[in-house]
Amino acid sequence: MAARNITFISDLDNMRDDYTLKVCIIRLWRSFSESDPTVVKSIEMILMDEMGTKIRASICRKDFQRFDSKLKEDDAIYIRSPTIAPNKYTFKISDVTSKLNLHGQTTVHECLGFQSKTKYEFCFVSFETIISATTTSNISIDVIGEVVSLGKLDSRDVSKSKHWLTLQIRNLEGLQVNVTLFADFAYQVISYLEAHKQVGRVVIILQFARLNVYIGIPSVNNYFDHTRMFINADLPEIVAFTDSVVGLRGIQNPSSSLTFDSSQSYNEYEDFLNNHKVKNVVDLLEPQELHYIDWYYDACSNCGKKVDRRDAFSGPDSGDASVVVECSTDKCKKKDISSAPKYKIPIRVQDDSGTITLTMFDRDAYRLVKQRASELIEKIKQV
């Protein structure tokens, strides 16, 4: 296999089927079905050739058994005769406009002689670029920095995929950038700090991360499973960065040893009482009388706003009508949409200064009821 002519990623040609790539798997993950989160719909990879060029590759479900045992993150492989397709993913990991699909005619073999300039070919973005950003980017970025502060784990949502952790990292020039880590990435940091309670410095690299600007504040976050994170890893880039930090700031970490105490995890009760300004009812807007209000509404499956329903007749003389669901938002006007019921529960709140009507929406209501609105409606119908 090694004697074959190797095609570089930059030389891929849609008119050819018979070619061999020599690549390293620098990211490997499984993509799950949106309709059933327990079902893997594809295996996804980010591949890099010896020139440092990266490309995304996919394997569909029917070909899992053929390739699954031959693929491992950080392994080098030969791939013969994959198909080339346009890369239509919104989030881009490189400027390569194509992606690869491994299928029934593709072969994969181990490669023992892979050579590249660096193991992962990081392309670090300057902190100045991140801090000055005004819009969210859909092109991946790589960042490296020393962790200087650690926030609390927000684990309020019933779904672990929506848990998140905030931290700040600092570069050699002293500039700081906000980082938000979701799901497993947040727990990786927590697990590392709990297992290394005496660590002096924590240097992380986020590869294939996303630059996100929310209410004018730029930050870096992991983009689902595309992102790869390295914490104090034995990589030349982290070793060089750490040595430079020691040279600039000395051996001791000025922010003291970073440890994570499980008691620091997000406490909803403490947040409610301590982190929000408390007002009396009389200090709020004029209360309105509580009339009969439905406890749910039909929400657009695309944007979540309330939908309108109308009868549509097949003809002027027809008595048969079908129900048409319409969403009036600009985002959905020209789209075919569906709807699903969501909570909108009116509640009356009283203190010693007065009474007011508030509304509890879907996310908060679900945390209390532990059932979706659609499930509760179905139970009511059965009763």
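Not measured: the values here are computed from a predicted model.

About the criteria used
- Residues numbered from 1 in each chain as written.
- Predicted model: local features only at pLDDT ≥ 70, side-chain atom pairs only at ≥ 80, totals over all residues.
- Heavy atoms only, no water.
- Pairing = 2+ DSSP bridges.
- Helix = DSSP H or I, 4+ residues; strand = E, 2+ residues; numbered from the N terminus.
- Axes fitted to C-alpha atoms, helices over the stretch in contact; angles between N-to-C directions.
- Contact = heavy atoms within 4.5 Å.
- Phe/Tyr/Trp six-rings, centres within 6.5 Å; stacked < 30°, edge-to-face > 60°.
- Buried < 20%, exposed > 50% of the residue type's maximum accessible area, 1.4 Å probe, protein only.
- Lys NZ or Arg CZ within 6 Å of the ring centre and 35° of its normal.
- Salt bridge = Lys/Arg side-chain N within 4 Å of Asp/Glu carboxyl O.

Draft legend 1. Representation of the sheet that holds strand E14 (residues 296-300) in the model. Pairing in this open sheet of 3 strands is antiparallel, and the strands run E14-E17-E18 from one edge to the other. Only two strands of the sheet have a single neighbouring strand rather than two, namely E14 and strand E18 (354-361). Sheet twist, expressed as the average angle between the axes of neighbouring strands with direction ignored, equals 30°. The sheet contacts of helix H6 (residues 362-369) involve strand E17 (339-351) and E18, and relative to E18 the element is tilted by about 90°. Contacts from helix H7 (residues 373-382) reach E14 and E17, with the element oriented near 90° to E17.

Draft legend 2. The packing of aromatic side chains, seen in detail. The final tally for this structure, using the stated rule, is 8 aromatic pairs. Measuring from ring centre to ring centre gives 5.6 Å for Tyr120 and Phe122, while their planes differ by 35°; the resulting arrangement is tilted. For the pair shown, Tyr120 and Phe122 are each scored as buried. Measuring from centroid to centroid gives 5.3 Å for Phe122 and Phe124, while their planes differ by 20°, and the two rings are stacked. Its relative accessible area of 12% is what places Phe122 among the buried residues. The class for Phe124 is partly exposed, based on a relative accessible area of 34%. Members of the aromatic cluster, connected to one another through ring pairs, are Tyr120, Phe122, Phe124 and Phe230. Directly above the ring of Tyr89 sits Arg56, whose terminal nitrogen or CZ lies 3.6 Å from the centroid. For Lys160, the ring lying beneath its charged end belongs to Tyr187, and the centroid distance is 4.6 Å.

Draft legend 3. Region of interest: the pattern of salt bridges. Enumeration according to the criterion identifies 13 salt bridges in this entry. Between Arg30 and Asp68 there is a salt bridge, with the nearest N and O atoms lying 2.6 Å from each other. Separated by 38 residues along the polypeptide, Arg30 in strand E1 (residues 20-32) and Asp68 in the loop between helix H1 (64-67) and strand E4 (76-80) bring together distant segments of the chain. Residues Asp154 and Arg156 are paired through a salt bridge, measuring 2.7 Å at the closest nitrogen-oxygen approach. Given the relative accessible area of 4%, Asp154 is considered buried. Residues joined in a network through salt bridges with shared partners are Arg27, Glu73, Asp74 and Arg228.

Draft legend 4. Representation of the sheet that holds E1. A sheet is described by the order of its strands in space; here 7 strands give the open sequence E5-E6-E3-E2-E1-E4-E7, paired in mixed fashion. The open sheet has two free edges, formed respectively by strand E5 (83-86) and strand E7 (107-110), since each of these has just one partner strand. For this sheet the average axis-to-axis angle between neighbouring strands, irrespective of direction, equals 40°. In terms of strand pairing, E1 meets strand E2 (residues 40-49) through 9 bridges, oriented antiparallel. Across the sheet, the residue bridging to Val23 is Asp49, located in E2.

Draft legend 5. Examining the environment of Cys327 more closely. Inspection of the secondary structure puts Cys327 in the loop between strand E16 (321-326) and E17. According to the relative accessible area criterion, Cys327 is buried, its value standing at 7%. Taking the C-alpha atoms as reference, Cys327 lies 9.6 Å from Ser301; in sequence the two are 26 residues apart. Those residues within four positions of Cys327 in sequence are excluded, and the remaining contacts are Cys300, Cys303, Val307, Cys332, Lys333 and Ile337.

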